[in-house]
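Observations on the three-dimensional arrangement
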Amino acid sequence: MKYKSIKMLCCAILLCMTALTASAQWSLGIKGGWDYTTITRSNADRIDESYSGFSGFDAGIQARYGFTDWFALRADLSVMRRSHRMDRNLNYLDPVFTNHHNYYLMLPVLADFSFGGENLRGHAMLGGYVGYWLRERRVGETYWMTDYYVFFDNFNEVREFTSEDRRFNAGLIGGIGLSYKLDEHWGINLDALYYYDLVSHRRSSPHLRDPRYLNTLSITFGASYIF
């Protein structure tokens, strides 16, 4: 009796896997669009500094494996510019600012729940991501002083990484989207995804705790080939 029950359970599992495989569908495509990043950090008593968001871009490839008509797994590989801005708030330093343009290689993996008709469908997505900090370019205006004057100077430079930088990145991601199936093999999609860092890109020192987390809203348009 016990052997018969195990056999029936194995058959049921096999039938489910067969049904999922039969309805499974691969798609592979490209995506590109705009993003907007803010930074969460302590100013560490630097009352003359303020931080604000800055726009960037998100471009790469996207892959999707549909298990059923309503559930799929999706993975993207993209390069994102996740930027933010720092302004100095003292009256005589009002022109002083720095735009931090951070370039990341990002790999999000999402559970994709879809609903709607055969061609036009809505999507709710949730998952996590890992990333790698490729480069930082700083653009802005700085100052230098003499006994009588304050001079301002523009700069545009690639910053060298130090031991205080944490280049590995990871966090949570969620969002919504729309997709439209043009024909049997081609589809387009529009996505709005929010990346929430769980790893600070600055290591804490024994004397100063200064965690820095980036939070990015990405809006992209994509086109995919359906196999």
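Summary of the structure given here. (Residues numbered from 1 in each chain as written. Predicted model: local features only at pLDDT ≥ 70, side-chain atom pairs only at ≥ 80, totals over all residues. Heavy atoms only, no water.)

Here's the deal with the pairing of strand β6 (residues 150-158)
- Of the strand pairs in this sheet, strand β5 (residues 120-145) and β6 are connected by nine bridges, and their pairing is antiparallel. What sits directly across from Tyr143, in β6, is Phe152.
- Hairpin connection of β5 to β6: four residues between the antiparallel strands. (Pairing = 2+ DSSP bridges. Helix = DSSP H or I, 4+ residues; strand = E, 2+ residues; numbered from the N terminus.)

Comments concerning the side chain of His100
- Position of His100 relative to the elements: it lies in strand β4 (residues 97-116).
- A polar contact of 2.7 Å, which involves the side chain of His100, links it to the side chain of Glu136. (Polar contact = N/O pair within 3.5 Å; in protein donor to acceptor, adjacent residues only side chain to side chain.)

Concerning the nonpolar core
- In terms of nonpolar packing, the biggest core is built from 12 residues, these being Ile39, Met80, Tyr104, Met106, Leu110, Met125, Tyr129, Trp133, Ile173, Leu193, Tyr195 and Leu214.
- Counting only elements with at least two residues in this core, the list comes to β4, β5 and β8 (186-197).
- Once you skip the residues sitting within four places of it in the chain, Leu110 turns out to touch Ala72, Leu73, Arg74, Met125, Leu126, Gly127, Ile173 and Leu193. (Core = buried A, V, L, I, M, F, W, Y, C linked by side-chain atoms within 4.5 Å. Buried < 20%, exposed > 50% of the residue type's maximum accessible area, 1.4 Å probe, protein only. Contact = heavy atoms within 4.5 Å.)

Focus: the packing of aromatic side chains
- Throughout the structure, instances matching the rule amount to 13 aromatic pairs.
- Between the aromatic rings of Trp34 and Tyr36, the centroid separation amounts to 6.2 Å while the plane-to-plane angle is 25°, which identifies the pairing as stacked.
- Given a relative accessible area of 38%, Trp34 falls into the partly exposed group.
- When the ring of Phe71 is compared with that of Phe113, the centres are 5.3 Å apart and the planes differ by 45°; the resulting orientation is tilted. Residue Phe71 is located in strand β3 (residues 71-88), and its partner Phe113 is located in strand β4; the two are separated by 42 residues in the primary sequence. (Phe/Tyr/Trp six-rings, centres within 6.5 Å; stacked < 30°, edge-to-face > 60°.)

Examining the environment of Glu160
- As for its position among the elements, Glu160 is in the loop between β6 and β7 (168-181).
- For Glu160, a relative accessible area of 64% puts it in the exposed group.
- Considering only alpha carbons, one finds Glu160 and Glu136, 24 residues apart in sequence, at a separation of 7.9 Å.

Observations regarding the pattern of salt bridges
- Applying the stated criterion to the full structure yields 12 salt bridges.
- Measuring nitrogen to oxygen at the nearest pair gives 2.9 Å for the salt bridge that ties Lys31 to Asp76. Of this pair, Lys31 sits in strand β1 (residues 25-41) while Asp76 sits in strand β3, placing them 45 residues apart in sequence.
- For Asp197, the salt bridge is made with Arg82, and the minimal N-O distance between the two is 3.2 Å. Within this pair, whereas Asp197 is found in strand β8, its partner Arg82 is found in strand β3, the two being separated by 115 residues in sequence. Arg82 shares its class with Asp197; the two are buried.
- Via salt bridges that share partners, Lys31, Asp58, Arg74, Asp76 and Asp191 belong to a single interconnected network. (Salt bridge = Lys/Arg side-chain N within 4 Å of Asp/Glu carboxyl O.)

Overview of the pairing of β3
- The pairing of strand β2 (residues 49-66) with β3 spans 14 bridges and is antiparallel. Bridge pairing in β3 places Gly66 opposite Ala72.
- Where β2 folds back on β3, the antiparallel hairpin that results is connected by four residues.

Observations concerning the environment of His101
- Tracing the backbone shows His101 in strand β4.
- Considering only alpha carbons, one finds His101 and Phe54, 47 residues apart in sequence, at a separation of 8.7 Å.
- Sequence-distant contacts of His101, that is, excluding residues within four places in its chain, are made with Phe54, Arg81, Ser83, Arg135, Glu136, Arg137 and Val139.
- Separated by 2.9 Å, the side chains of His101 and Ser83 make a polar contact.

Comments concerning the environment of Ser218
- Structurally, Ser218 can be placed in strand β9 (residues 212-226).
- The spatial distance from the C-alpha of Ser218 to the C-alpha of Asp58 is 6.9 Å, given a sequence separation of 160 residues.
- Discounting residues that sit within four places of it in the chain, Ser218 has contacts with Trp34, Asp35, Asp58, Met80, Asp191, Ala192, Leu193 and Tyr195.
- In this structure the side chain of Ser218 is engaged in a polar contact, spanning 2.7 Å, whose partner is the side chain of Asp58.

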